[in-house]
Amino acid sequence: MIRRINHAPSWIMQILALLLALFLLLPVAAIFGLGLYYSLGIFLVADTGQLMAALAKEAGIMPAMLQTPLIAILVAMLASAWGLCLSFLWRHWLAERRMSLVAISALPFLLPRFGVGTLFLLACLKLAQWGGNALGLGLVAVSQAAIAAPLVAAILCLGWRQVDPHWREAALEAGADEITIFRRLIWPSLRPYAAFGGLLAFILSLGDFYLGNALSGDAVLLPGAILSGVAQNASPLYHALVALMGFIDVVLLVVVTRRLRRLPHVWNGY
């Protein structure tokens, strides 16, 4: 005897999904709307001189706005270089099914952020105290790049699928050296994946709160400055910065989507 199972109507599932989406998006929309409200008020009422004076009054904002993008660019460069080196190893390990080595090398990405930050802090505490803010910001960049490098390596491993192994054999028979083979044959196939991975590393660094606060010393980065300012309700400028960061996130999301569309072979199962 076959027992009939009654499924919930599809419209009930759609309503539940809509309610869940609203529950997740309403706090973000409220914060962004409040930031947009303050932003419009600032730009409509205050002139440029008043705005710069308000920024100068909040001592942590201007350095954070300058330092955070520079740190994110450095993280993207380091993560791209380390991820490329790691992808060479992963390519051979995956072919030999050495998954334990892949998992161990991906630990910085798999471990919780507070664990990675604690390890870097304990390892470099004396150096950070000796080097001051500059070395602290360097530790932030190195730790964020170490976390993003396995992600970049995983994306580059998808790019390696576009590289025909017979290219290298043919080039070696023609007398080409390894550097020329990589630069002329392999790198053009990997370049869009490296750019995509570097962009993701940039986004992760731009919004990272824990490592920036844990390792930067006396320096303040933008996520920490914004969160502390909003929590203390110090100034409408912090709410305006929330809207600005939200707008930047939307722009970066569009850029990531466009980059993703340029990688069609992977999704077509090439």
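Source: prediction; values computed, not measured. What you see as residue numbers is a count from 1 along each chain, following the sequence as written. In view of the model being predicted, local features appear only for residues whose pLDDT reaches at least 70, and side-chain atom pairs are presented and counted only at 80 or more, with totals across whole chains, interfaces and linings using the full set of residues. With hydrogens and water excluded, all non-hydrogen atoms of the structure serve as input to the side-chain values.

This part is about the environment of Ile 71. For helices the rule is a DSSP run of H or I covering at least 4 residues; for strands it is a run of E covering at least 2, with both sets numbered from the N terminus onward. Mapping Ile 71 onto the fold places it in helix α3 (residues 61-95). Buried, partly exposed and exposed residues are distinguished by accessible area as a fraction of the type maximum, computed with a 1.4 Å probe on protein chains only: under 20%, between the cut-offs, and over 50%, respectively. We classify Ile 71 as buried; its relative accessible area is 9%. Put simply, Ile 71 and Val 140 are 69 residues apart on the chain and 7.8 Å apart in space, counted from C-alpha to C-alpha. Setting aside its immediate chain neighbours within four residues, Ile 71 contacts Leu 137, Val 140, Ala 141, Gln 144, Ser 205 and Leu 221. Only heavy atoms matter for contacts: two residues are in contact if any of them lie within 4.5 Å across the pair.

What follows concerns the pattern of salt bridges. The working definition used for a salt bridge is a side-chain nitrogen of Lys or Arg within 4 Å of a carboxyl oxygen of Asp or Glu. Counted under the stated rule, the structure contains one salt bridge. A salt bridge links Glu 96 to Arg 98; its shortest N-O distance comes to 3.0 Å.

Right, let's talk about the side chain of Gln 144 for a bit. Following the sequence through the fold, Gln 144 ends up in helix α6 (residues 113-160). Leave out the neighbours within four places in its chain, and Gln 144 touches Ile 71, Val 75, Ser 205, Asp 208, Leu 211 and Gly 212.

Bringing the packing of aromatic side chains into the picture now. Any pair of Phe, Tyr and Trp rings, taking the six-membered ring for Trp, is counted once the centres come within 6.5 Å. Such a pair is stacked with planes under 30 degrees apart, edge-to-face with planes over 60 apart, and tilted for the rest. Scanning the entire structure with this criterion turns up three aromatic pairs. Relative to Phe 182, the ring of Phe 88 has its centre 5.9 Å away and its plane inclined at 40 degrees; by these criteria the two rings are tilted. With a gap of 94 residues between them, Phe 88 in helix α3 and Phe 182 in helix α8 (residues 178-206) connect regions that are remote in the sequence. Phe 182 gets classed as partly exposed once you look at its relative accessible area, which sits at 23%. With centroids separated by 6.1 Å and ring planes inclined at 35 degrees, the aromatic side chains of Phe 182 and Trp 187 adopt a geometry described as tilted.

Our next topic: the packing of α3 against α8. Structural elements are reduced to axes, namely lines fitted to C-alpha atoms, with helices fitted over the stretch in contact, and the angle between N-to-C directions of any two is expressed from 0 to 180 degrees. The interhelical angle for the contact between α3 and α8, taken along N-to-C directions, is 135 degrees, at an axis separation of 8 Å. Accordingly, the angle class assigned to the pair α3 and α8 is oblique. When you trace α3 past α8, the crossing you get is right-handed. Listed contacts from α8 to Thr 68, Pro 69, Ile 71, Ala 72, Ile 73, Val 75, Ala 76, Ala 79, Ser 80, Leu 84 and Phe 88 of α3 are Phe 182, Trp 187, Leu 190, Ala 194, Gly 198, Ala 201, Phe 202, Ser 205 and Leu 206. The classification used treats Ala, Val, Leu, Ile, Met, Phe, Trp, Tyr, Cys and Pro as nonpolar, Asp, Glu, Lys and Arg as charged, and all other residues, Gly among them, as polar. For the contact of α3 with α8, a count of residues per class yields 16 nonpolar, four polar and no charged. Each angle receives one of four descriptions, namely roughly parallel if under 35 degrees, roughly antiparallel if over 145, roughly perpendicular if within 65 to 115, and oblique otherwise. Take the far helix as your reference; a near helix turned counterclockwise from it by less than a right angle gives a left-handed crossing, and one turned clockwise gives a right-handed crossing.

This next bit is on a nonpolar patch on the surface. Only residues whose relative accessible area exceeds 30% and that form no salt bridge enter a patch; like-charged residues are grouped when within 9 Å of one another, and nonpolar side chains (Val, Leu, Ile, Met, Phe, Trp, Tyr) when within 5 Å. Where accessible areas are quoted, they stem from the Shrake-Rupley method and a 1.4 Å probe; at the residue level, only the protein chains shown are allowed to cover. A contiguous nonpolar patch, built from Leu 101, Ile 104, Leu 107, Phe 109, Leu 110, Leu 111, Leu 119 and Leu 204 and spanning about 690 Å² of accessible area, is present on the exposed surface. Those elements giving two or more residues to the nonpolar patch turn out to be α4 (99-105) and α5 (107-110). Element by element, the count of residues in the nonpolar patch is highest for α5, at three residues. Tracing the chain through its elements places Leu 204 in helix α8. A relative accessible area of 33% means that Leu 204 is categorised as partly exposed.

The span expected for a helix works out to 1.5 Å for each residue beyond the first. Between its first and last C-alpha atoms α3 spans 49 Å; for 35 residues at 1.5 Å apiece the expected length is 51 Å, and the two agree. Two residues or fewer past α3, Arg 97 is found with a positive phi of approximately 60 degrees.

Right, let's get into unusual backbone geometry. Outside of glycine, negative phi angles account for most residues, and trans bonds account for most peptide bonds. The phi dihedral of Arg 97 falls on the positive side, at around 60 degrees, and the residue is not glycine. As for its placement among the helices and strands, Arg 97 is situated in the loop between α3 and α4.

Take the buried residues of types Ala, Val, Leu, Ile, Met, Phe, Trp, Tyr and Cys, join any two whose side-chain atoms come within 4.5 Å, and each joined set is a nonpolar core. In terms of nonpolar packing, the biggest core is built from 47 residues, with Ile 71, Leu 156 and Leu 190 touching the most fellow members. Broken down by secondary-structure element, the contributors of at least two residues to this core are α3, α6, α8, α9 (210-215), α10 (222-232) and α11 (236-261). Considering every element that reaches this core, the biggest residue donor is α6, with 12 residues. Not counting residues within four places of it along the chain, the set of residues in contact with Leu 156 comprises Gly 83, Leu 84, Ser 87, Leu 190, Tyr 193 and Ala 194.

Contact pair helix α7 (residues 165-173) / α8: the axes reach a minimum separation of 10 Å and the direction vectors enclose 150 degrees. Here α8 runs roughly antiparallel to α7, going by the angle between their axes. With respect to the hand of their crossing, α7 and α8 are arranged in right-handed fashion. Across from Trp 167, Arg 168, Ala 171 and Leu 172 in α7, the residues of α8 making contact are Glu 178, Ile 181, Leu 185 and Ser 189. When its residues are assigned to classes, the contact of α7 with α8 shows five nonpolar, one polar and two charged.

None of the figures reported here should be taken as evidence of function without further support.
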